[in-house]
Amino acid sequence: MADAAGKFSSKIAAIVVLIPVLILGWFIAPLFLPMWRWQNLDFEKIAREKGVPVAELQRQYQVVVRHAARADDDPMAWQIMTMDPAWDKADEEKLLVRATVVSDRTGTPPGSMQLGSGHRRDRYFKATAWRLPPGSCGFNAKRPVLVYDSGTFEKLDIPRAEEMDFRANREGWENDDEAVEDGWVKPGSEP
């Protein structure tokens with residue numbers, strides 16, 4: 001009888017320890033695993049909704065993006081600079097395309113910790129990403145969505161960042177902010 005009670009007590013103790021460990025693991029998992037992508041990124045569903053082939057949605061690109069907020073509260077502070085292979089659906093040669101950029105682990109944009117000092121050389125990043133049509137996964141309906149592989153998201157080295165900054169700001173690259181009305185209103189102006 002005592003042996004059965006001891007086994008029962010050890011099972012209860014194991015459950016009491018295991019439940020908090022599992023709960024903690026659930027919240028820590030996005031630090032290491034693409035939890036948001038596994039739960040929210042359904043290529044087949046997006047293909048049906050947007051009328052785009054699944055293979056096109058699953059294609060991964062090597063992208064260079066820059067943080068270029070229009071104001072402090074800009075929900076789409078990121079711009080696509082380059083994509084490899086080239087995006088062939090529109091002429092984006094020397095065009096800064098504003099986009100929603102989110103992590104495959106959390107579904108949120110890169111944090112301010114990754115931006116460092118905010119100096120121009122700290123605003124350019126490269127990553128492997130999936131490019132989704134505007135409005136995918138509930139994001140802005142006017143701007144493309146880049147879901148980047150968090151394991152590949154890294155800041156450009158200083159010479160490459162300076163080169164990209166020179167290209168964007170001094171070579172006269174066009175900015176698509178005026179061409180696409182995405183619902184953002186400049187602070188202090190009437191909607």
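Located above this text is the structure these notes cover.
This report concerns the structure included in the present document. (Residues numbered from 1 in each chain as written. Predicted model: local features only at pLDDT ≥ 70, side-chain atom pairs only at ≥ 80, totals over all residues. Heavy atoms only, no water.)

**Considering unusual backbone geometry**
Condition: Helix and strand definitions follow DSSP, with helices as H or I runs of at least four residues and strands as E runs of at least two, each counted in order from the N terminus. Only protein chains enter the calculation, and the probe is 1.4 Å; a residue is then buried if its accessible area is under 20% of its type maximum, exposed if over 50%, and partly exposed in between.
Here the amide bond leading from Asp84 into Pro85 is cis, since omega sits at 5 degrees, within 30 degrees of zero. Mapped onto the fold, Pro85 is located in the loop between strand S2 (78-84) and strand S3 (95-103). Despite not being glycine, Lys94 shows a phi value in the positive range, around 55 degrees. Here Lys94 is to be found in the loop between S2 and S3. Judged by relative accessible area, which is 43%, Lys94 ranks as partly exposed.

**Digging into helix H3 (residues 43-50)**
Note the cut-off: Arc definition: it is the arc formed by the directions from the helix axis to the C-beta atoms. For this analysis, residues touch if any pair of their heavy atoms sits within 4.5 Å. Polar contacts here mean pairs of N or O atoms no more than 3.5 Å apart (in protein, one a potential hydrogen donor and the other a potential acceptor; neighbouring residues in sequence count only if both atoms are side-chain atoms).
Of the positions making up H3, those classed as buried are Phe43, Ile46 and Ala47. Taken around the axis of H3, the buried residues stretch over an arc of 105 degrees, which confines them to a single face. Exposed positions of H3 whose direction lies more than 90 degrees from the buried face are Arg48 and Glu49. On its buried side, H3 packs onto helix H4 (54-58) and strand S4 (124-132). With a side-chain oxygen positioned 3.3 Å from the backbone nitrogen of Glu44, the residue opening H3 is Asp42.

**Structural notes on a nonpolar patch on the surface**
Put simply, the rule is: Surface patches are defined over residues having more than 30% relative accessible area and no salt bridge, joining like charges when they lie within 9 Å and nonpolar side chains (Val, Leu, Ile, Met, Phe, Trp, Tyr) when within 5 Å. Here, Shrake-Rupley sampling with a 1.4 Å probe gives the accessible areas, and only protein chains in the shown set may cover a residue. For salt bridges, the criterion is a side-chain nitrogen of Lys or Arg within 4 Å of an Asp or Glu carboxyl oxygen.
Residues Leu24, Ile28, Leu31, Phe32, Leu33 and Trp38 make up a contiguous nonpolar surface patch of roughly 660 Å² in combined accessible area. Its location among the elements puts Trp38 in helix H2 (residues 35-40).

**Re the side chain of Ser103**
On the secondary structure map, Ser103 appears in strand S3. Among the polar contacts listed, one links the side chain of Ser103 to the backbone nitrogen of Arg105, at a separation of 3.0 Å. Those residues in contact with Ser103, other than ones at most four positions away along the chain, are Trp36, Thr108, Val147, Tyr148 and Ser150.

**As for the pattern of salt bridges**
The tally for this structure, following the rule as stated, stands at 15 salt bridges. For Asp176, the salt bridge is made with Arg143, and the minimal N-O distance between the two is 2.7 Å. Within this pair, whereas Asp176 is found in the segment after strand S7 (174-175), its partner Arg143 is found in the loop between S4 and strand S5 (145-148), the two being separated by 33 residues in sequence. Neither residue differs from the other here; Asp176 and Arg143 are each classed as buried.

**Remarks on the packing of aromatic side chains**
Heads up, the condition is: Here a Phe, Tyr or Trp ring, Trp counted by its six-membered ring, pairs with any other such ring whose centre lies within 6.5 Å, and the pair is stacked when the planes are under 30 degrees apart, edge-to-face when over 60, and tilted otherwise. A positively charged side chain is recorded as over a ring if its NZ (Lys) or CZ (Arg) lies within 6 Å of the ring centre. The angle to the ring normal must also be within 35 degrees.
Overall, the coordinates contain seven aromatic pairs when judged by the stated rule. Judged by centre distance (6.2 Å) and plane angle (50 degrees), the rings of Trp36 and Phe139 are tilted. Here Phe139 lies in the loop between S4 and S5 and Trp36 lies in helix H2, a separation of 103 residues in the sequence. Trp36 gets classed as buried once you look at its relative accessible area, which sits at 11%. Ring plane angle 70 degrees and centroid distance 6.2 Å describe the contact between Trp78 and Phe153, whose orientation is recorded as edge-to-face. With Trp78 in strand S2 and Phe153 in the loop between S5 and strand S6 (154-155), the pair connects residues that are 75 residues apart, well separated along the chain. Chaining the aromatic ring pairs together yields one cluster made of Trp78, Phe125, Tyr148 and Phe153. Over the aromatic face of Trp87 sits the side chain of Arg131, whose NZ or CZ is 4.1 Å from the ring centroid.

Purely geometric stuff here, so don't read any function into it on its own.
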